[in-house]
Amino acid sequence: MARAALVPEHPWLLPGALTSPADPARRPRRTTRDWLVDVLCFLLSLGWVVLATADARSADPEFSTPLPYDWMVAADAVVGLVTTALLWVRRRWPVGLAVATLPLTLFSMAAAVPLVIIYFTVLVHRRTSVALAFTAACLGTNMAFTYLRPDPQLSYWETATWGMVITLLVLAWGMFVRARRQLVVSLRERAERAEAEQQLRVTQARQVERTRIAREMHDVLAHRISLLSLHAGALEFRPDASPEEVARAAGVIRSSAHAALQDLREVIGVLRTEPAAVAPAPERPQPTLGDVPALVDESRTAGVRVDLHDHVDRAEQVPAAVGRSAYRIVQEGLTNARKHAPGALVSVDLAGGPDRGLNVEIRNRWPVGERAPEIPGAGTGLVGIAERVHLAGGRLTHGRDESGDFRLAAWLPWPA
């Protein structure tokens with residue numbers, strides 16, 4: 001829609017310089033308007049050649065003094081006709097044609113109108129320095145023309161003054177037309193640039209949103225799949241488990257698989273590039289700090305030993321973004337503990353309050369001896385958590401501490 005708005009409704013009414021791409025190496029093509037103007041200029045110049053030649057052949061010329069020989073009148077008419085024919089190529093070589101025909105302004109009356117048209121073309125299509133230089137040359141040849149072809153009714157200075165006034169009027173008109181065209185081109189370029197920047201912003205926003213969704217789904221699916229792997233591993237290594245334990249593990253596997261499929265279905269629906277035929281379903285509520293105990297209980301059900309220490313003051317007032325970040329940090333810490341340190345005791349500590357910030361710490365013993373097979377992962381969980389904390393204005397540290405435990409700690413700002 002934005003691109004269609006930049007296309008003029010009637011491009012045939014515009015000059016070719018305003019409808020063609022701004023490419024210096026590519027010559028703009030004539031539009032219908034250009035053809036009409038060229039035909040009009042040709043007919044006007046041809047009519048002037050006929051009128052000036054007829055006046056020069058009359059007994060009492062009105063435009064200039066009579067020429068002494070008839071061949072001069074014929075030569076002037078030929079010069080006028082040739083200059084008129086050259087008007088068809090004036091758009092392609094305006095400066096070259098103007099320089100080549102400049103000597104004709106010294107003596108030719110029949111070529112006066114086509115020469116003025118060529119001069120105007122230079123003013124419109126070339127920069128100001130070239131236009132002013134050619135104007136100075138025209139003012140000089142005007143003085144010589146007035147001397148060689150004096151007006152029978154006006155004095156030399158009156159005729160020269162009228163010639164200078166006409167030249168300066170054409171200069172002002174040509175520079176006005178050029179300035180207006182440059183303004184139109186500038187506005188079009190700004191509109192195209194603004195449209196391109198808007199498209200870039202939309203693309204970047206879409207990419208950022210997709211990256212955010214991908215990170216959210218990494219946190220969620222990694223948590224679900226690690227539970228599936230843990231329970232499946234327990235069934236594999238405990239063939240003598242009681243029917244009740246088998247049924248409980250199978251129930252957790254079924255519910256975790258169902259939740260993982262539901263999350264996967266949602267993210268695939270969001271990441272589709274084609275527009276949806278129906279209205280999208282409302283998003284599910286995002287987790288908050290109050291959902292951390294349920295997350296811990298879910299891990300306990302899977303057989304992970306987790307101690308939760310909650311010392312948060314006025315937890316019900318924690319901002320939604322801060323609570324959601326804390327939930328994702330705890331989720332990533334529990335997932336990593338299940339993947340890399342199965343069987344180890346995990347400690348989750350929450351502390352803080354308004355103006356003090358929210359401290360989240362997950363700690364587990366570093367695994368010793370022979371490890372169980374690790375659950376495969378993308379390896380970007382901590383990277384995504386670090387960026388989430390950084391965007392929230394907080395701090396994140398992770399790694400082995402002095403006691404040898406693995407520690408994932410974050411501080412999130414909590415304004416009053």
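Structure shown above.
Treat the numbers as computed from the prediction; the structure is a model and nothing was measured.

Caption draft 1: Up close: the overall build of the protein. Helix and strand content of the protein: twelve helices and five strands. Considering the protein as a whole, with its 416 residues, one finds that 35% of them fall into the buried category. Partitioning the contacts of the protein with sequence separation of at least 6, the portion at a separation of at least 24 is 71%.

Caption draft 2: Representation of the side chain of threonine 83. Here threonine 83 shows up in helix 4 (residues 70-86). With a relative accessible area of 1%, threonine 83 lands in the buried category. In contact with threonine 83, other than residues within four places in its own chain, are Leu104, Ala111, Pro114, Leu115 and Ile118.

Caption draft 3: Structural context of the packing of helix 3 (residues 32-57) against helix 4. The interhelical angle for the contact between helix 3 and helix 4, taken along N-to-C directions, is 175°, at an axis separation of 9 Å. Compared by their axis directions, helix 3 and helix 4 come out roughly antiparallel. Contacts from Phe42, Ser45, Leu46, Val49, Thr53, Ala56 and Arg57 in helix 3 reach Val73, Ala77, Gly80, Leu81, Thr84 and Ala85 in helix 4.

Caption draft 4: Highlighting the sheet that holds strand 1 (residues 306-312). Read across the sheet, five strands follow the order 1-2-3-5-4 without closing on themselves; strand pairing throughout is mixed. At either margin of the open sheet sits one strand with a lone partner, and together these are strand 1 and strand 4 (395-400). Strand-to-strand twist of the sheet, defined as the mean angle between neighbouring strand axes without regard to direction, takes the value 5°. For strand 1 and strand 2 (residues 346-353), the ladder comprises seven bridges, and the chain directions are parallel. Among the inter-strand pairings, valine 312 is bridged to a residue of strand 2, identified as glycine 352. Where helix 11 (residues 320-340) meets the sheet, it contacts strand 1, strand 2, strand 3 (357-364) and strand 5 (406-412), and its direction lies at approximately 5° from that of strand 3.

Caption draft 5: Spatial organisation of helix 4. The end-to-end C-alpha distance of helix 4 is 25 Å, a good match for the 24 Å that 17 residues give at a rise of 1.5 Å each. Those residues of helix 4 not exposed but buried are Val73, Asp76, Ala77, Gly80, Thr83 and Thr84. The arc that holds every buried residue of helix 4, seen down its axis, measures 130°, which confines them to one face. Looking at the buried positions of helix 4, the neighbouring elements they touch are helix 3 and helix 6 (112-125).

Caption draft 6: Geometry of the packing of aromatic side chains. Counted by the stated rule, this structure contains five aromatic pairs. Residues tyrosine 156 and tryptophan 157 carry aromatic rings whose centres are separated by 5.1 Å and whose planes lie at 80° to one another, so their mutual orientation is edge-to-face. For tyrosine 156, a relative accessible area of 31% puts it in the partly exposed group. Taken together, the ring pairs connect Trp35, Phe42 and Trp88 into an aromatic cluster. One cation-aromatic arrangement involves arginine 92 over tryptophan 93; the distance from NZ or CZ to the ring centre is 5.2 Å.

Rules used throughout
Residues numbered from 1 in each chain as written. Predicted model: local features only at pLDDT ≥ 70, side-chain atom pairs only at ≥ 80, totals over all residues. Heavy atoms only, no water. Helix = DSSP H or I, 4+ residues; strand = E, 2+ residues; numbered from the N terminus. Buried < 20%, exposed > 50% of the residue type's maximum accessible area, 1.4 Å probe, protein only. Contact = heavy atoms within 4.5 Å. Axes fitted to C-alpha atoms, helices over the stretch in contact; angles between N-to-C directions. Parallel < 35°, antiparallel > 145°, perpendicular 65-115°, else oblique. Pairing = 2+ DSSP bridges. Expected span 1.5 Å × (residues − 1). Arc of directions from axis to C-beta. Phe/Tyr/Trp six-rings, centres within 6.5 Å; stacked < 30°, edge-to-face > 60°. Lys NZ or Arg CZ within 6 Å of the ring centre and 35° of its normal.

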